[in-house]
Amino acid sequence: MHALAKLAALALVCSVLAHCRSPKSEGEKLAHQYCSACHAFPDPELLDKNTWQASVLPQMAPRLGTGDQSLSAQMSRNPHMTVLATAVSPDQWEKIVGFYVERAPAALPDQTLPAEPQLDPDFFTAGPLVPQLESSAIITLLKTDSAQRRIFIGEAATNRLRMLDWNRRVIATLTLRSPPTDVIAERQRILVLESGILEPNDEPRGTLAQYDIGGGAAGSPQFSRILIDSLFRPVFVRQFDADGDGRSDFLICEFGDNRGRLALYRNAGTKYERQVLDATPGAIRLEIRDLTGDGHPDIVALFGQGDERIVLYPNNGKGSFSERRVLARFPPVYGSMYFSMHDFNGDGTLDILYVNGDNYDFSRVLKPYHGIRILENDGRNDFTERYFFPMYGAAHAAVADFDQDGDLDILATSNFSDPQRHPERAILFLENAGPSPYTFRPYAFSIASRSQWNLMATGDLNGDGWLDVLIGAMRLENIARLQRGAGAPSEIGIEPVLLFENTTARP
């Protein structure tokens, strides 16, 4: 066919398709108008019909000012819940519900992996960090301190914080007021972030507490004082001299529930003054990076909980972060869990590794869009997804050149894997196989089927020059018991922490 005739035919087809395409229904227009008011628009295809109708939409109704308007419902409603200023009418709400139920699939498709994972690779030898360690197996804190050769393990239910040496011997055990979620380790003291209440809540009961260590780094920590109080379920803390005055300030992610914030706590001598950078819930992790290239450290933070996004807070050079720029935004059912920044393609700019898989909410179904993503930086801090490896319930990732071949590999965990069909995929190793920066060879591990997994920490524990990995359990059965008020068991037999010893260099 002549090129001109081809173009004419193509134009005719496009015209026909344009006229055949049904216009947006009123329900779809209303959904875009109201369901995008607080977060990215959630496409109906992200969940199945039953989950939308029976679970998610009923939870969204009160936020739009509709649904059950009885006196009992209004009295039991959380006073901190964000509600639209102008309520959606019952008729409008019915149309929105109709749009989602009509367009949603009967069931979500299974994940399609780019390659089938091989089982139990030679890269790591996996086993318990400490055999027969009594624990609730709900690990809320897992950190390594390479400078002092220490390991910190915190857990819920018992509220214990254990300190181990590099030889995996327990050298101190603290029982705290609430589950610990992060720690800043120094030689003579440790600063412990304590959640207050770990379950979703809006009570400002979290703290940053100081524990002094007598007799050097191997001594037993003793409570000293509360540095910062009234935190909304804090989950992450970093020291940061924001204004260059030589005094340590603190950046804290206060995940909260309906209330939360990302805040900078400035050192004012005898106290810390709060500067709220973002007064929304869901702050889960941050990195301090000079992303703008002006020589001043900026803040990059990940938010879950509704408006899921990664945000850049540029430093104006005087320690002020009044501006912000959203680098990436995700639908509210994605379940953002973790991010970190690395140069995957070697162009000198930092890319984003993004992990999404939180499933402990109102849509507990296996989601094909859960997994590991690499968002490439074009050099101007505009990010484009270049790689996706599906992983149900993806929770955390450790990125390093584990095999020391010059490129970055990924070890990832899952809270909500597919336990019936592929429990071994609750821990995956993605070996960078090159030559493209986004070519990875996947591996799974038999030991992963013993529990669910979340937090990770790295360190060269045996001093052989190769990076080892610690992986903490997040046993869902025990979490459910805890939430029912039955109390999670503290027992021997469930490995709370695994050691993935790097064996790449062994003959």
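Thresholds applied
Residues numbered from 1 in each chain as written. Predicted model: local features only at pLDDT ≥ 70, side-chain atom pairs only at ≥ 80, totals over all residues. Heavy atoms only, no water. Helix = DSSP H or I, 4+ residues; strand = E, 2+ residues; numbered from the N terminus. Rg over C-alpha atoms; globule rule 2.2 N^0.38 Å. Buried < 20%, exposed > 50% of the residue type's maximum accessible area, 1.4 Å probe, protein only. Contact = heavy atoms within 4.5 Å. Areas by Shrake-Rupley, 256 points an atom, 1.4 Å probe, with all protein chains shown as cover. Lys, Arg positive; Asp, Glu negative; His and termini not counted. Charge placed at Lys NZ, Arg CZ, Asp CG, Glu CD. Axes fitted to C-alpha atoms, helices over the stretch in contact; angles between N-to-C directions. Parallel < 35°, antiparallel > 145°, perpendicular 65-115°, else oblique. Left-handed = near helix turned anticlockwise from the far one by under 90°. Nonpolar A, V, L, I, M, F, W, Y, C, P; charged D, E, K, R; others polar. 1 Å grid on protein atoms, 1.4 Å probe; cavity = no way out; pocket = protein on both sides within 12 Å on 5 of 7 lines; lining within 4 Å. Points joined across faces, edges and corners; volume = space filled by probe spheres on them. pLDDT = per-residue confidence, 0-100.

A.B. asks: Can you help me understand the overall build of the protein in this one?
C.D. replies: From N to C terminus, the protein includes six helices and 29 strands. Relative to its length of 507 residues, the protein is compact, with a C-alpha radius of gyration of 24 Å against a globular reference of 23 Å. Overall, the protein is about 80 × 65 × 50 Å in size when its C-alpha atoms are taken along their principal axes. Residues classed as buried in the protein amount to 52% of the 507 residues present. Long-range pairs, those at least 24 residues apart, make up 53% of the contacts in the protein between residues at least 6 apart in sequence. If you sum the accessible surface of the protein, you get close to 22200 Å²; carbon and sulfur atoms cover 50% of it. For the protein, the centre of its 49 positive side-chain charges and the centre of its 64 negative side-chain charges are spaced 4 Å apart.

A.B. asks: Could you clarify how one ought to interpret the packing of helix H3 (residues 49-60) against helix H5 (residues 90-103) in this entry?
C.D. replies: Helix packing for two helices is described by the angle between their axes and how far apart those axes are. Where H3 meets H5, the axes come as close as 9 Å, and the angle between the chain directions of the two elements is 150°. Put simply, H3 runs roughly antiparallel to H5. Relative to H5, H3 is oriented so that their crossing is right-handed. Two secondary-structure elements touch here, H3 through Lys49, Trp52, Gln53, Leu57 and Met60 and H5 through Trp93, Val97, Tyr100, Val101, Glu102 and Arg103.

A.B. asks: Any chance you could explain the environment of Asp418 here in plain terms?
C.D. replies: Within the secondary structure layout, Asp418 lies in the loop between strand E24 (409-414) and strand E25 (427-432). Classification of Asp418 as buried rests on a relative accessible area of 7%. Spatially, the C-alpha atoms of Asp418 and Glu385 are 25 Å apart, while their sequence positions differ by 33 residues. Once residues within four sequence positions are removed from consideration, Asp418 is found in contact with Leu366, Tyr392 and Pro423.

A.B. asks: Would you mind going over the packing of helix H2 (residues 26-34) against H5 with me for this structure?
C.D. replies: Contact pair H2 / H5: the axes reach a minimum separation of 8 Å and the direction vectors enclose 105°. By the angle class used here, H2 and H5 are roughly perpendicular. Here H2 contributes Glu26, Gly27, Glu28, Leu30, Ala31 and Tyr34 to the contact with H5, which in turn contributes Gln92, Lys95, Ile96, Phe99, Tyr100 and Arg103. A per-class count over the contact of H2 with H5 returns six nonpolar, two polar and four charged.

A.B. asks: Help me out: how do you make sense of empty space enclosed by the protein in this one?
C.D. replies: Once rolled over the atoms, a probe with the size of a water molecule shows which space is left empty. Scanning all chains against the criterion turns up one cavity of 30 Å³ or more. Empty space within the largest cavity amounts to approximately 30 Å³. Forming the walls of the largest cavity are Phe152, Leu161, Arg162, Met163, Ala172, Thr173, Leu174, Ile190 and Pro221. For the lining of the largest cavity, the elements supplying multiple residues, two or more each, are strand E5 (160-165) and strand E6 (170-175). Looking at the lining of the largest cavity, its residues break down into seven nonpolar, one polar and one charged.

A.B. asks: Any chance you could explain the confidence of the model for the protein here in plain terms?
C.D. replies: When pLDDT is low, close inspection of the predicted coordinates is not appropriate. Chain-level pLDDT for the protein is 91 on average; 93% of the residues reach the 70-or-more range. Predicted confidence is poor over residues 1-21, with pLDDT under 50, and the contacts of this stretch with residues over four places away or in other chains come to one contact.

A.B. asks: Help me out: how do you make sense of the layout of surface pockets in this one?
C.D. replies: When its volume is computed, the second largest pocket comes out at roughly 240 Å³. Lining the second largest pocket we find 13 residues, and of these Asn415, Phe416, Ser417, Pro419 and Leu476 sit closest to its centre. Of the residues assigned to the lining of the second largest pocket, the class counts are six nonpolar, six polar and one charged.

A.B. asks: Whenever I open this one, the environment of Arg441 confuses me. Can you help?
C.D. replies: By the element assignment, Arg441 lies in strand E26 (residues 440-444). Judged by its relative accessible area of 34%, Arg441 falls in the partly exposed class. With near-sequence residues (within four places) excluded, Arg441 lies in contact with Gln118, Phe429, Leu430, Glu431 and Ala433.

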